[in-house]
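Understanding the architecture of this molecule
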Amino acid sequence: MSAEALLDALDPEQRAVATTLRGPVRVLAGAGTGKTRAITHRIAYGIQVGAYRPANVLAVTFTARAAGEMRTRLRLLGAPGVQARTFHAAALRQLGFFWPKVVGGPPPRIVEQKVKLVAHAAQLVGLETDRESVRDLASEIEWAKVSLVTADDYAKAAAATDRPGPGGTDPQSVARLMAAYESAKDQQGVIDFEDVLLLLAAMLAERRDVADSVREQYQHFVVDEYQDVSPLQQYLLDQWLGGRQELCVVGDPSQTIYSFAGASAHHLTTFTRTYPRATTVELVRDYRSTPQVVSLANHVMHAARKAGGPAPLELRAQRPDGPDVSYVTYPDDEAEAAGVTDAIAALVRSGVAAADIAVLYRTNAQSEAFEAALADRGIAYQVRGNARFFARADVRKAMVLLRGGARAADPATPMPESVRDILRSAGWTDVPPEGRGASRERWDALQALVTLADALAAAPPTGDGPPTVSDLVAELDERAAAQHAPTVEGVTLASLHAAKGLEWDAVFLVGLSDGLLPTVQAQTDATVAEERRLLYVGITRAREHLQLSYSRARHPRARASRGVSRFLTDLWPDERRRPGVPRRDLDVRQQAVVDGLTAWRDAHAAELRRQPASVLTSATIRAIAERCPSTLEELGSVRGVGPMTLADIGEDVLAAVRATVREPAR
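All figures in this text were calculated on a predicted structure; none of them were measured in a lab. (Residues numbered from 1 in each chain as written. Predicted model: local features only at pLDDT ≥ 70, side-chain atom pairs only at ≥ 80, totals over all residues. Heavy atoms only, no water.)

**Details of the sheet that holds strand 13 (residues 381–384)**
The condition is simple: Pairs of strands are assigned from DSSP output, requiring at least two bridges between the strands. The way it works is that DSSP assigns letters per residue, a run of H or I at least four long becomes a helix, a run of E at least two long becomes a strand, and they are numbered from the N terminus. In this analysis an axis means a line fitted to C-alpha atoms, helices contributing only their contacting stretch, and an angle means the value between N-to-C directions, from 0 to 180 degrees.
The six strands lie next to each other as 11-16-15-12-14-13, forming an open sheet whose pairing is parallel. Either end of the sheet is taken by a strand with one partner, and the two such strands are strand 11 (326–330) and strand 13. Pairwise comparison of adjacent strand axes, ignoring direction, gives a mean angle of 20° for this sheet. Bridge count for strand 12 (residues 357–361) against strand 15 (residues 504–509) is four bridges, and the pairing is parallel. Looking at the pairing, Leu360 lines up with Leu509 of strand 15.

**Description of the nonpolar core**
Nonpolar side chains in soluble globular proteins tend to end up buried together. The test is simple: Each nonpolar core is a collection of buried residues, namely Ala, Val, Leu, Ile, Met, Phe, Trp, Tyr and Cys, held together in the definition by side-chain atoms within 4.5 Å. The cut-offs for exposure are 20% and 50% of the maximum accessible area for each residue type, with area from a 1.4 Å probe on protein chains only; residues under the lower value are buried, those over the upper are exposed, and the others partly exposed. Two residues qualify as a contact provided that any one of their heavy atoms is within 4.5 Å of a heavy atom in the partner residue.
With 40 residues, the main nonpolar core has Leu509, Leu546 and Leu548 as its most contacted residues. Elements with a contribution of two residues or more to this core: helix 15 (291–306), strand 12, strand 15, helix 22 (525–539) and strand 16 (542–551). Of all the elements, helix 15 adds the most residues to this core, at seven residues. Excluding residues within four positions of it along the chain, Leu548 makes contact with Leu296, Val325, Ser326, Tyr327, Val328, Leu509, Leu512, Leu568 and Trp572. Of all hydrophobic cores here, the second largest spans 39 residues; its members include Val214, Leu232, Tyr275 and Leu313.

**Observations regarding the packing of helix 6 (residues 115–124) against helix 9 (residues 171–188)**
To be explicit about the condition: Orientation categories follow fixed angle ranges, with anything under 35 degrees roughly parallel, anything over 145 roughly antiparallel, 65 to 115 roughly perpendicular, and all other angles oblique. Helix crossings get a hand from a simple test, with the near helix turned counterclockwise from the far one by less than a right angle marking a left-handed crossing and a clockwise turn marking a right-handed one. Polarity classes work like this: nonpolar for Ala, Val, Leu, Ile, Met, Phe, Trp, Tyr, Cys and Pro, charged for Asp, Glu, Lys and Arg, and polar for all others, with Gly in that last group.
Helix 9 packs onto helix 6 with a crossing angle of 120° between their chain directions and a minimal axis gap of 8 Å. For the element pair helix 6 / helix 9, the angle class is oblique. Here helix 6 runs over helix 9; the crossing is right-handed. Side by side, helix 6 and helix 9 meet where Leu117, Val118, His120, Ala121 and Ala122 of the first sit next to Leu177, Ala180, Tyr181, Ala184, Lys185 and Gln188 of the second. Taken together, the residues of the contact of helix 6 with helix 9 break down into eight nonpolar, two polar and one charged.

**Considering helix 16 (residues 333–349)**
What counts here: Multiply 1.5 Å by the residue count of a helix minus one, and that product is the helix's expected span. Within 3.5 Å is the distance limit for a polar contact, defined as a pair of N or O atoms, with the added protein rule that one can donate a hydrogen and the other accept it, and that residues adjacent in sequence qualify only through two side-chain atoms.
With 17 residues, helix 16 should cover 24 Å at 1.5 Å per step; its first-to-last C-alpha distance of 24 Å lies within 8% of that length. Glu336, Ala337, Gly339, Val340, Thr341, Ile344, Ala345 and Leu347 are the residues of helix 16 that are buried. Backbone nitrogen of Glu334 and a side-chain oxygen of the N-cap are separated by 3.0 Å at the start of helix 16; the cap is Asp332. Positive backbone phi, at 115°, marks Gly351, one or two positions downstream of helix 16.

**Notes on the sheet that holds strand 7 (residues 247–251)**
Strand order in the open sheet formed by six strands is 3-2-6-7-1-8, with parallel pairing between adjacent strands. Looking at the sheet topology across the chains shown, the edges are occupied by strand 3 (83–86) and strand 8 (279–283). Averaged over all pairs of adjacent strands, the angle between strand axes in this sheet comes to 15°, irrespective of strand direction. Of the pairings in the sheet, the one linking strand 6 (residues 220–223) to strand 7 comprises three bridges and is parallel in character. By the bridge assignment, Val222 is partnered in strand 7 with Cys248. Strands strand 2 (57–61) and strand 3 of the sheet are contacted by helix 4 (residues 64–76), whose axis makes an angle of about 170° with strand 3.

Right, here's the structure in full:
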C-alpha cells in the first residue's frame, strides 16, 4: 500500500496516531476502537515514508496470539521485517544471543512449570502443601518477581498492598519460601520465565557493549496493552530504551484486570509525567458495538469516575442502532441456565451462528450449570481458558471420593451432610479460603457439588425415601456423560478474564449478583474498582446482542437472598419493568420532549454525517425525557450521558428540552 492509501484507511484519530512518527506517544484506545489497526498502520506508514527501517522496530505485546496477529497485519501492509513479539519471546531471543558472549556456554535451562521446585522449597522451609496450594504459592512468587519484590521486602510489600497470603499462608513464610526457591534454582542450574526478563535487564544495565548492540538494533518501540505492564517489564523496557524517547504505548486504563498478577496501569496513566513532551491521542470511535452496548459501557465506567476514579474514555458508537440491552432476573441458578439457553436457541434459530455467541461469568465453577443446560438442548459449546467442569482434576477426584463414600454413608445422616463430610477430604471447607487462585477455584468447584446435593435433597420426594449419596453420584454421572461430548465449534463459555481481547455478536453476562461481581473477596476500593473494570470488559465483548442476568437463589428451594451487583443497581429494571411487562407510559410533557429531542438529534446527526444513535440513543432520549433536566449537572446524572457527551452537546440538548417544554407538541 502507498503512504496515502495507508492513511486513507484510517479515521481522523487513527490517522493522528499513524502520522505521529516520533515519540514519545501515548494512545488511549477504548474497546473496539481499532488500536491494532492504528499502530500497525503507524509502523507501515513510517516505513513507507522512510522514517523507520523494518529491522529497527520492535513491537511488543502480551500474548503470542496478539503478536501473531500484529505480524500478519504488518505483512499485509508491506512491513514484513518488523519484529512483533511478546516481552518474554523478545527477551529470550536476546538473552540466548548474548549469554555465550557475556557468561559463556549455553543459557541455563528454563523451568516451564515451577510447581515441583516450589514444592521442594516448601518442604525445605517446613510448609505443608497440596497441589492447589503449591500452584498458588508459585503464582505468588511470580507476582513478587514481576513486581520487583525480593524475599526481604515481601512482607512489607504485601502489607502495603493489602495482599492476602495465598491460602492463608503468612507473609513471613512466603518470604522464606521465596528465598528457598531461589536457592533451589541455583543448585539445579535452572531459571524461570521471570528470570529471563530479570537477567536480560541486568545484562543491559551492567554491560555497555550489550546495551549498545541492542539499542543500535532496536530504535523504535511500540508497546500494546500498556495498561498490563508490570514493574519488571517496565524496567526491561527502560533498559531497551536507554534514555531515548522513541516509544509509542497503547492501552486503556478501563481494561486493567490483571493487577493480582502484577499488571498496573500506573505507567500508562503517568506517561505524560515521565515524558512531559509526549503526544496523547484518544481513540474513542467504537466500531465493534451498537450504541445500546456502548451506552451501557460508558455508564458503568462513568459511575466509577463519580466514585473518585480516573476519568475513563467515553466511547462513541459508530454502528447503527441495535436491540436494547436486556436485564433479566431469574429465581435461581437452574432457571438462569435454562433461560439463557432458551435465548441462545432463539438466536441460533434467527440465524446467529453458535460460534458468535458467548456466556461469560466471574468464576470458572459457574460454567457447570450452563454446560448442563446446553448439553440437554443439544447445543454445541466449548469452554475457553479452562477444562470442562467434569474434566477438571479436582472434580474427578471428588467424584471418586463420592462413589466410595456412597457405599459407606450412614443412611440416617442427611445426604447433604454426608456429601460435605466426604468432600472435606478433597479440600472443601465450610468457609472459603482467602484470596484467589487455585485453592479458591478448587473450593468453588467443590462448592458447586455441595449446591447440587442441596438442590437434590430439596427436590420433591420420589416415593423411595430421601435421596442418598448414591442418587447424587448417579445425577453427577448423567451430567458428566452429557457434557463429555467432543469439543466442537459452538457457544463459548468463558470467565470474564479469559474473554479479554475477544468479541462475539451476542454475549450473555450471567451471575451478576453482589458477592459474585464484585466477588465477596473484593474488600478494598482498589479490588472493587477492578471488579467494575471486569464488568466493563464483559460488556464491551458484545457486538450487537447483550443480556445481563442474575438469579435470586442458588437452587429452586433455596432462600432468595441475592441482590443484583452494586454496579448495576441504578440500571436494573424494577418489578414493573421486567422483560415482558410494558414500560410505564410517558405523560404528554415527557412525550413532547422525546419527539422534540429526537428531531433535534436526527438533524444534528445528519449535519455531522453520523448515525443518529451515535449522538443519542433512543433509550437515552427517553431517560432525558423522564428526568426533564434543566441544568448540566442534572443532565450529567442521566443514564447514557457521559462527560464527553455533556461537553459536546449538553447545552444543545438542554436548549432542545427547554424549547419543547415551552412549546409542547399538540
